[in-house]
There are 2 protein chains.
Amino acid sequence: MPRITEERRTERREQILAGARRCFAEYGYEGATVVRLEKATGLSRGAIFNYFSSKDDLFLELAWRDDERFIRLWLAKGWEAAIREVAAEDADWLGVYLELTRKIRTDPGFRRAHEKRSDPERARELIAQVASEQEQGLFREDLPAEQIAGFISLVANGMVVQMAAGEPIRAFDALIEFIRSAVAPPARQPARPRRSG
Amino acid sequence: MPRITEERRTERREQILAGARRCFAEYGYEGATVVRLEKATGLSRGAIFNYFSSKDDLFLELAWRDDERFIRLWLAKGWEAAIREVAAEDADWLGVYLELTRKIRTDPGFRRAHEKRSDPERARELIAQVASEQEQGLFREDLPAEQIAGFISLVANGMVVQMAAGEPIRAFDALIEFIRSAVAPPARQPARPRRSG
């Protein structure tokens, strides 16, 4: 029996995820039938479900990767870069994410599977970075770092709804400016010009 | 053939909407079958579809009423009151709203029905009020009134996602403070104490 290498397995996994993402985006979650998933991935159902236990599992892996990319970008390049990434996201895919929000809360198995993927260490890392940037005067200090991170994430979710409903983020610079004003330290008094000498 | 009065018709309409809202919230949009809608409203399918042409129509009426209430509250009592109303909303119902977001964009008939309900006059009224409050120094003036109104609505949508995913808005006062800082005019220089006399 032929065995495929680890590298080939990773490639296949990525091929399946990319195809499933397109398929979900095009047909919605319910509409992404097994036949359509086969067509979109170019693989048989046997192959697909050899890598992922179910359609839910495929979706959760894709959603987790989005979250992970958002946090990674924020850690590496700041929240503006993460927000910019959301604004550039495919509205079709974002709509699927919203379709499943309710299920995350109401379907216990799905919820557990979703929570199992979430990485508390990663969230702590983000909050620690925000706290350190508070000390550097980059964020306001009257509210805790968790709440600053939480507010920016909430705004990102608001972008998702707006984009999924068919309204792209047109005034992107204004959006960044609103967020910045929300989380910035209070404006400093302009320094008094000192007399020389 | 008995005829029912206008008042009775209005009552029935409200009875159907209230039942449908509970039914959508409990079972999700797909899960809200005609049999369940009959049970939740206490009326036959004949009666229900005498008042509303379809399940889509029922949902769109409910969603429109939410939007309308949000704007009305904002106009009458300010954006904080409107935001507070969102935070008090039923997470189950909000999840249904998200489930349908994708459909608003991708299903042309549904989209048209949704747009037909939206009231541009109401939106203009809101923007005019924000513009007038800008002049009174209640909002920043460096960004247009539409963008200020748009940002606050975007934050409200972010609340919807968070709540629908099972995380109630705990730090409500902090949220209000973030929004206020985002849309407030720049802090004024403290007035210099004047010498008397």
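Structure report, in brief.

Rules and cut-offs
Here the residue index of a chain counts from 1 through its sequence in written order. Chains carry letters from A onward and ligands carry numbers from 1 onward, assigned in written order. Two thresholds apply to this predicted model, a pLDDT of at least 70 for residue-level local features and 80 or more for giving and counting side-chain atom pairs, whereas whole-chain, interface and lining totals are computed over all residues. The basis for the side-chain values is all heavy atoms of the structure; hydrogens and waters are excluded. A least-squares superposition brings the copies together, and it is based on the C-alpha atoms of residues with pLDDT no lower than 70 in both. When checking whether two residues touch, look at their non-hydrogen atoms; a contact exists if any pair is within 4.5 Å. Buried area: the sum, over both parts, of the accessible surface (1.4 Å probe) that disappears when the two are put together. One side-chain nitrogen of Lys or Arg within 4 Å of one carboxyl oxygen of Asp or Glu is enough to make a salt bridge. In this text, helices come from DSSP runs of H or I with a minimum length of four residues, and strands from runs of E with a minimum of two, each type numbered from the N-terminal end. Throughout, exposure labels follow a simple rule: accessible area from a 1.4 Å probe, protein chains only, divided by the maximum for the residue type, with under 20% read as buried, over 50% as exposed, and the rest as partly exposed. Whenever two N or O atoms come within 3.5 Å, that pair is a polar contact, provided that in protein one can donate a hydrogen and the other can accept it, and provided that, for residues adjacent in sequence, both atoms are side-chain atoms. Inter-axis angles, ranging from 0 to 180 degrees, are taken between N-to-C directions of lines fitted to C-alpha atoms, where helices are fitted over the stretch in contact. Roughly parallel means an angle under 35 degrees; roughly antiparallel, over 145; roughly perpendicular, 65 to 115; everything else is oblique. Gly falls in the polar group here, along with every residue not listed as nonpolar (Ala, Val, Leu, Ile, Met, Phe, Trp, Tyr, Cys, Pro) or charged (Asp, Glu, Lys, Arg). Multiply 1.5 Å by the residue count of a helix minus one, and that product is the helix's expected span. Only Phe, Tyr and Trp rings are paired, with Trp represented by its six-membered ring, and only when their centres lie within 6.5 Å; those with planes under 30 degrees apart are stacked, over 60 edge-to-face, the remainder tilted. Think of it as a cone above the ring: NZ of Lys or CZ of Arg counts as a charge over the ring if it is within 6 Å of the ring centre and within 35 degrees of the ring normal.

Here we take up the relation of the copies chain A and chain B. By a simple turn and slide, chain A fits onto chain B: the slide is 0.0 Å along the axis, the RMSD is 0.0 Å, and the turn is 180 degrees. Such a turn and shift between the copies fits a two-fold axis. An overlap of 100% is found between the interface residues of chain A and their copies at the interface of chain B, pointing to a shared contact surface.

Moving on: the interface of chain A and chain B. Across the boundary between the two partners, chain A contributes 45 residues, which contact 45 residues of chain B. For the pair chain A and chain B, the summed buried surface comes to about 3,400 Å²; carbon and sulfur atoms form 65% of the total. Where chain A packs against chain B, one counts four salt bridges. Here Glu177 of chain B makes a salt bridge to Arg140 of chain A, at a shortest N to O gap of 2.6 Å.

What follows deals with the environment of Val96 of chain B. Its location among the elements puts Val96 of chain B in helix H6 (residues 91-106). With 71 residues separating them in the primary sequence, Val96 of chain B and Ala25 of chain B have C-alpha atoms 6.4 Å apart. Residues in contact with Val96 of chain B, not counting those within four places in the same chain, are Arg102 of chain A together with Phe24, Ala25, Gly28, Tyr29 and Phe59 of chain B.

Before going further, it helps to spend a moment on the side chain of Thr41 of chain B. Residues and elements named next belong to chain B. Inspection of the secondary structure assignment puts Thr41 in helix H2 (residues 34-41). Under the relative-accessibility criterion, Thr41 is labelled buried at 5%. A distance of 3.4 Å separates a polar side-chain atom of Thr41 from the backbone oxygen of Glu38. Residue contacts for Thr41: discarding those within four places in its chain leaves Gln15, Ile16, Gly19, Ala20 and Ile48.

Another point: the side chain of Asp57 of chain B. All names here are of chain B. With respect to the helices and strands, Asp57 occurs in helix H4 (residues 55-77). Relative accessible area serves as the criterion here: at 17%, Asp57 is assigned to the buried category. Contact partners of Asp57, with chain neighbours within four places excluded, come to Phe52 and Arg117.

For the rest of this paragraph, the subject is the packing of helix H9 (residues 145-164) of chain A against H6 of chain B. Relative orientation of the contacting elements H9 of chain A and H6 of chain B amounts to 40 degrees, with a least axis distance of 8 Å. Looking at the two axes, H9 of chain A sits oblique to H6 of chain B. Seen from H9 of chain A, the contacting residues are Val161, Met163 and Ala164 of chain A; seen from H6 of chain B, they are Leu98, Thr101, Arg102 and Arg105 of chain B. Its residues assigned to classes, the contact of H9 of chain A with H6 of chain B comprises four nonpolar, one polar and two charged.

For the rest of this paragraph, the subject is the pattern of salt bridges. All names here are of chain B. Under the definition given, this model contains 44 salt bridges over all chains. Between Arg13 and Glu61 there is a salt bridge, and its shortest N-O distance comes to 3.6 Å. In this pair, Arg13 is assigned in helix H1 (residues 6-31) and Glu61 in helix H4, connecting sequence segments 48 residues apart. Classification of Glu61 as buried rests on a relative accessible area of 9%. Between Asp66 and Arg21 there is a salt bridge, with its nearest N and O atoms 3.3 Å apart. One end of the pair, Asp66, is in helix H4; the other, Arg21, is in helix H1, with 45 residues separating them in the sequence.

This brings us to H6 of chain B. Since one α-helical turn is 3.6 residues long, residues separated by three or four positions face the same way. Here H6 of chain B contains 16 residues, and its C-alpha end-to-end distance of 24 Å stays within 8% of the 22 Å for a straight helix at 1.5 Å per residue. Within H6 of chain B, the full set of buried residues consists of Ala91, Trp93, Leu94, Gly95, Val96, Leu98, Leu100, Thr101, Arg102, Ile104 and Arg105 of chain B.

Attention shifts here to the packing of aromatic side chains. A complete count under the given rule lists 16 aromatic pairs over all chains for this structure. The interplanar angle of 85 degrees and the centroid separation of 5.9 Å between the aromatic rings of Phe70 of chain A and Trp74 of chain A together place this pair among those described as edge-to-face. Taken together, the residues span about one helical turn, with Phe70 of chain A and Trp74 of chain A both in helix H4 (residues 55-77) at a distance of four residues. We note that Phe70 of chain A, like Trp74 of chain A, is buried. The rings of Phe24, Tyr29, Phe59, Trp93 and Phe110 of chain A are connected pair by pair, giving a single aromatic cluster. Directly above the aromatic system of Tyr29 of chain B lies the positively charged group of Lys55 of chain B, at a separation of 4.8 Å from the ring centroid. Across the ring face of Phe110 of chain B, the terminal group of Lys103 of chain B is positioned such that the distance to the ring centre comes to 5.0 Å.

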